[in-house]
Amino acid sequence: AQKITQTQPGMFVQEKEAVTLDCTYDTSDPSYGLFWYKQPSSGEMIFLIYQGSYDQQNATEGRYSLNFQKARKSANLVISASQLGDSAMYFCAMRETNTGNQFYFGTGTSLTVIP
Amino acid sequence: NAGVTQTPKFRILKIGQSMTLQCTQDMNHNYMYWYRQDPGMGLKLIYYSVGAGITDKGEVPNGYNVSRSTTEDFPLRLELAAPSQTSVYFCASSYPVLVPGQGAPEAFFGQGTRLTVV
């Protein structure tokens, strides 16, 4: 079974609007972390936001927030007030304690911000 | 801070040649990783290391070898290059464990190596 599933290959959003990128995960480990990375066309991997499995509140970092629904095993990324520079690939990732602290990545969502 | 440094950035290999992708980090991270990213795909783990002298296979280890003689360096060796190894390779490092309240134990990535095997 896939550890991380991202079901939206591509998304479009109007500039200044909010957009939600979906991510579901599969784990039986009670201790895990969820991450979102941005990969612009230049290719580097940029860390955006982190949610720990024991964290009670949803993580926020500036315009990024993570909608963490533990029972549903989902960790959706919400980008508010989209900007043209947000156009990129976005990857959801999970890190488990019981599998050697590996990072598992989803297949990504390509986000295009329309002016 | 340099973070994670990968060399080279680009390389073209002929089928059957060998090469080593270099990776070094200056953050004193125990954990280091090698991933490959094929066009339009996510990252797949090749090998990882939890500390000097310890390495383990990831999801796609065939055709690759690694070593970890120091905390800083984690080179990836390609033996007998094949067209299927055409990809972008990322090295990453991270703090060792998830600790509640510690803060984000994210992976820090190098800039990537774009490898083409012809």
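Residues numbered from 1 in each chain as written. Chains lettered and ligands numbered in written order. Predicted model: local features only at pLDDT ≥ 70, side-chain atom pairs only at ≥ 80, totals over all residues. Heavy atoms only, no water.

*Asks:* A description of the overall build of chain A should follow, citing residues and the corresponding values.
*Replies:* The secondary structure content of chain A amounts to 0 helices and 12 strands. When the elements of chain A are put in sequence order from the N terminus, they spell out β-β-β-β-β-β-β-β-β-β-β-β. What you see for chain A is a C-alpha radius of gyration of 14 Å, in line with the 13 Å of a compact globule of 115 residues. Dimensions of chain A, computed from the C-alpha atoms along their principal axes, are close to 45 × 25 × 20 Å. Burial analysis of chain A (115 residues in total) assigns 50% to the buried set. For chain A, contacts bridging at least 24 residues in sequence account for 55% of all contacts bridging at least 6. Summed over its atoms, the accessible surface of chain A is roughly 5,200 Å², and 50% of this surface lies on carbon and sulfur atoms. (Helix = DSSP H or I, 4+ residues; strand = E, 2+ residues; numbered from the N terminus. Rg over C-alpha atoms; globule rule 2.2 N^0.38 Å. Buried < 20%, exposed > 50% of the residue type's maximum accessible area, 1.4 Å probe, protein only. Contact = heavy atoms within 4.5 Å. Areas by Shrake-Rupley, 256 points an atom, 1.4 Å probe, with all protein chains shown as cover.)

*Asks:* Describe the state of the cysteines, naming the residues involved and giving the relevant values.
*Replies:* Residues and elements named next belong to chain A. If you walk through the whole model with that rule in mind, you get 2 disulfides over all chains. Here cysteine 23 is linked by a disulfide to cysteine 92, with a sulfur-sulfur distance of 2.0 Å. Across the S-S bond of cysteine 23 and cysteine 92 the torsion is about -65°, and the bridge reads as left-handed. Residue cysteine 23 is located in the loop between strand E3 (19–21) and strand E4 (24–25), and its partner cysteine 92 is located in strand E10 (residues 88–96); the two are separated by 69 residues in the primary sequence. (Disulfide = S-S within 2.5 Å.)

*Asks:* With reference to specific residues and values, describe the nonpolar core.
*Replies:* All names here are of chain A. Formed by 25 residues in total, the largest nonpolar core has its most connected members in Tyr25, Trp36, Ile49, Leu77 and Tyr90. For this core, the secondary structure elements donating two or more residues are E3, strand E5 (32–39), strand E6 (46–52), strand E8 (64–69), strand E9 (74–79), E10 and strand E12 (109–114). At 4 residues, E10 tops the list of elements feeding residues into this core. In contact with isoleucine 49, other than residues within four places in its own chain, are Leu34, Phe35, Trp36, Ala59, Thr60, Glu61, Tyr64, Ser65, Leu66 and Leu77. (Core = buried A, V, L, I, M, F, W, Y, C linked by side-chain atoms within 4.5 Å.)

*Asks:* Any details on the sheet that holds strand E7 (residues 64–66) of chain B? Residues and values, ideally.
*Replies:* All names here are of chain B. If you trace the 4 strands from one edge of the open sheet to the other, you get E1-E3-E8-E7, paired in antiparallel fashion. If you trace the sheet from one side to the other, it starts and ends with strand E1 (4–7) and E7, each paired once. Each neighbouring strand pair of the sheet contributes to a mean axis angle of 20°, computed without reference to strand direction. (Pairing = 2+ DSSP bridges. Axes fitted to C-alpha atoms, helices over the stretch in contact; angles between N-to-C directions.)

*Asks:* Run through the interface of chain B and chain A, naming residues and quoting values.
*Replies:* Accessible area lost upon the coming together of the parts is a frequently used measure of interface size. Of the residues lining the interface, 25 residues belong to chain B; the matching set on chain A comes to 23 residues. Taken together, chain B and chain A are joined by 0 salt bridges. Put simply, chain B and chain A have 6 residue pairs in polar contact (both at pLDDT 80 or more) between them. Elements with a contribution of two residues or more to the side of chain B that touches chain A: strand E4 (31–37), strand E5 (43–51) and strand E9 (87–94) of chain B. (Salt bridge = Lys/Arg side-chain N within 4 Å of Asp/Glu carboxyl O. Polar contact = N/O pair within 3.5 Å; in protein donor to acceptor, adjacent residues only side chain to side chain.)

*Asks:* If you had to explain the packing of aromatic side chains to someone new, which residues and values would you point to?
*Replies:* Enumeration over the complete set of coordinates arrives at 16 aromatic pairs over all chains. Here A:Tyr37 and B:Phe109 contribute two aromatic rings whose centre-to-centre distance is 5.4 Å and whose plane-to-plane angle is 85°, an arrangement assigned as edge-to-face. With A:Tyr37 in strand E5 and B:Phe109 in strand E10 (residues 108–109), this residue pair bridges two chains. Plain terms: the ring middles of A:Phe105 and B:Tyr35 are 5.3 Å apart, the flat faces sit at 80° to each other, and that makes the pair edge-to-face. One end of the pair, A:Phe105, is in strand E11 (residues 103–105); the other, B:Tyr35, is in strand E4, on a second chain. Here the two residues A:Phe105 and B:Tyr35 agree in accessibility, since each one is buried. Above the plane of the ring of A:Tyr104 lies A:Lys3, whose end atom (NZ or CZ) is 5.3 Å from the centre. The residue whose ring lies beneath A:Arg63 is A:Tyr64, and the NZ or CZ to ring-centre distance is 5.7 Å. (Phe/Tyr/Trp six-rings, centres within 6.5 Å; stacked < 30°, edge-to-face > 60°. Lys NZ or Arg CZ within 6 Å of the ring centre and 35° of its normal.)

*Asks:* Quick rundown of the pattern of salt bridges? Include the residues and the values.
*Replies:* By the definition in use, this model includes 4 salt bridges over all chains. Of the charged contacts, one joins A:Glu96 and A:Lys3 as a salt bridge, the two residues approaching to 3.1 Å between their closest N and O atoms. Of this pair, A:Glu96 sits in strand E10 while A:Lys3 sits in the segment before strand E1 (4–5); the two residues are 93 residues apart in sequence, bridging distant segments of the chain. Taking the shortest distance from any N to any O, the salt bridge between B:Arg36 and B:Asp38 comes out at 2.8 Å. The buried category is assigned to B:Arg36, whose relative accessible area is 11%. Classification of B:Asp38 as partly exposed rests on a relative accessible area of 23%.

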